Amino acid sequence: MPVGLFRVCLLVITAIVNHPLFFPKENGTVPENTEEIIQKMKEREESLRLEQLRLEKEIADQEATQKALEKAAVVVEESKEEKVRWDMWTALSMVIFLLIELWRQDFQEGNWQDTGGEEDDMAVLGKAFKGVAFPNKAVLASFYEKRILGTTADMARMREMVEGFADDLLEALRSVCNRDADMEVEDCMGVGSMYENWRVRKPFVCDLIVPFAPPEPYCFCCQTWCSGDSFPPDEQGYGTIKVCRADEDATGCICDKTKLGEDMLCLLHSQVSSTRPSSEMEDLLCFKNTQYLDANQVMKWFQIAVTKAWNRISHKYEFDLSFSLLDSPGALKIKFKSGKSIAFNLTPVVQYENSDVYFISHFPRSSLAADIPSSTHWFLTFAVYERRFIQLVSKTLPANACHVSCLQILSFLHGKQCSLTGPSGLTNYHLKTVLLHLLQARPSQDWAPENLEARLQDMLKFLEKCLHEKKLYHFFIGNGKVPAELGFPIIFQRAEPLNLFRPFVLRRDIYRKMVDTFHEMLRNMSALINEYTVHIPLAHTNGIRKE
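Keep in mind that what you see is a predicted model, and the values were worked out from it rather than measured.

Undergrad: With reference to specific residues and values, describe the UniProt feature "coiled-coil region" (unreviewed entry) in the protein chain.
TA: According to UniProt, the positions carrying the feature "coiled-coil region" (unreviewed entry) are residues 38-72. The distance from the first to the last C-alpha atom of residues 38-72 is 50 Å, and the span holds 100% helix and 0% strand.

Undergrad: So what about a nonpolar patch on the surface? Which residues, and what values?
TA: The grouping of W89, L92, I96 and I100 at the surface amounts to a nonpolar patch, some 430 Å² of accessible area in total. Residue placement: L92 occurs in helix 2 (residues 30-111). Relative accessible area serves as the criterion here: at 42%, L92 is assigned to the partly exposed category.

Undergrad: Explain the packing of helix 8 (residues 383-394) against helix 10 (residues 428-441) to me, using residue names and the numbers behind them.
TA: Close contact between helix 8 and helix 10 brings their axes to 11 Å; oriented N to C, the two are set at 40 degrees. By the angle between their axes, helix 8 is oblique relative to helix 10. In the packing of helix 8 onto helix 10, the handedness of the crossing is left-handed. Facing helix 8, whose interface residues are E386, F389, I390 and V393, helix 10 presents Y429, K432, L436, L439 and Q440. Split into classes, the residues belonging to the contact of helix 8 with helix 10 amount to six nonpolar, one polar and two charged.

Undergrad: I'd love a proper account of the pairing of strand 10 (residues 378-381), names of residues and values included.
TA: Here strand 10 shows two buried faces, one formed by W378 and L380 and the other by F379 and T381. In this structure, strand 5 (residues 238-245) lies alongside strand 10, joined through two bridges in antiparallel fashion. Bridge pairing in strand 10 places Y238 opposite F379. Examined bridge by bridge, strand 9 (residues 358-360) and strand 10 share three bridges and lie antiparallel to one another. When the bridges of strand 10 are listed, Y358 appears paired with T381.

Undergrad: Just give me the short version of the pattern of salt bridges, but keep the residues and values in it.
TA: Inspection of every chain in the model, using the stated rule, returns 15 salt bridges. Among the salt bridges present, the one from D458 reaches R455, with a minimum N-O distance of 2.8 Å. Pair noted here: D458 and R455 are both in helix 11 (residues 452-469), with a separation of three residues, about one helical turn. We classify D458 as buried; its relative accessible area is 3%. Across the pair D458 and K461 runs a salt bridge whose closest N-O atoms are separated by 3.5 Å. Placement of both D458 and K461 in helix 11 is noted, with a separation of three residues, approximately one turn of the helix. No difference in accessibility class separates D458 from K461, as the two residues are buried. Residues participating in the shared-partner salt-bridge network are R442, D446, R455, D458 and K461.

Conventions we followed
Residues numbered from 1 in each chain as written. Predicted model: local features only at pLDDT ≥ 70, side-chain atom pairs only at ≥ 80, totals over all residues. Heavy atoms only, no water. UniProt positions renumbered as here; feature names shortened; annotations may be inferred. Helix = DSSP H or I, 4+ residues; strand = E, 2+ residues; numbered from the N terminus. Patch = residues over 30% accessible without salt bridge, like charges linked within 9 Å, V, L, I, M, F, W, Y side chains within 5 Å. Areas by Shrake-Rupley, 256 points an atom, 1.4 Å probe, with all protein chains shown as cover. Salt bridge = Lys/Arg side-chain N within 4 Å of Asp/Glu carboxyl O. Buried < 20%, exposed > 50% of the residue type's maximum accessible area, 1.4 Å probe, protein only. Axes fitted to C-alpha atoms, helices over the stretch in contact; angles between N-to-C directions. Parallel < 35°, antiparallel > 145°, perpendicular 65-115°, else oblique. Left-handed = near helix turned anticlockwise from the far one by under 90°. Contact = heavy atoms within 4.5 Å. Nonpolar A, V, L, I, M, F, W, Y, C, P; charged D, E, K, R; others polar. Pairing = 2+ DSSP bridges.

So this is what it looks like as structure tokens:
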């Protein structure tokens, strides 16, 4: 029974195993499919290996690139640090250089006032002073009393006469002018050596400036080289004057710069008035086809107006009036029947804003007019402030101070030398500028009358230094130490200093002539002074020192 049961189970198992649904016939191809699968697996493995190699290569390239970038960043950072260090050293070097330069200029400007106690001042003079004999105090005092002091009363009488006649002439000028179309002339002012009491050479000439303004509704809009506009170096000290309407800005209305369109109008300017006729601007003494005041036109207008004014009042006077210089319309000469004559200058000027700085059309008896860039460029004169500064400082000086005496003596010597060797580039204005600088730098007590000899030497030393360096700075322009009492415009105090000797840097012939004239004046100084000095006992002349 057990055996039979075992057989039955075996049969069933065999039948199940060999059943066609359990193991189909396709199973017979399994070996072939396995080979294909193996082959595909190998191909897949190869592709994965290649992909792995490619990825490894890309990773390696990226790592190399990253290392290169990191290296470049390190180099750039190091270069930046190096540049920063270099920039710091450069900036520090520039600061040190500027400080040295400022110290050098300050030292040069103040070097003349270094005092050595009772040491001989001649020891610090330059080569030009070697062998020069300086007159002593007695000789200078005698010369000043005989040659210069007596001219003061003559100047006062002449000023009074000229001012009275000039006022009458200008009043007549206003009456002959058209108040609606011509320039409006104001009262004249006296400036220069005659009104600062240091003119010594005859003939005496009074310098009067006459401010004028345009008729309504026009006004003058002034622009200077230090007002922010770009002016070339050779135009420093000059400015331009634009004629504008009172309701118009100096830069012009926006309607002149913007296209408003055919159906739009400017509410301030009509279409008719937007473009002014050229003849209208020429009637306002402007340069052709511009709005800028022309100095030549002003000169012609002023000369014609003065002629008309004199024709109206000539019957009141027993003398003749004529123009003494053709190129100076305001250079006038009064001729009396006795043969005597009086010369004076009446020069038209334009006021700068609300100050006492003026644009001057031309300089009488000066070669500066030839250096003006164009007739629309006007030179600025600070003559009114110069006169006020001298008056202000004089109040703080000792009685009978020697500052004016020094300028008078030096001006006399220079004028005499020019009459012997001919004119040079050095002018009386340069000499006055030297005095203004010394007045500001020297203590008040140094200008006592007994210090006349020492202060005269100071002026000569200062002038020699300026000639050697070719630098003599304008007293007011760029000078931040101008007394506040003068009310001087701050714009000129903050400007760059103006070198009055700059024109001579390029014109070496004039510079050479100027230096030679200065040296000749030094050598001839004693002879020129002794020529106008009364006899002084020998005992008083032993004080003359030589080097």
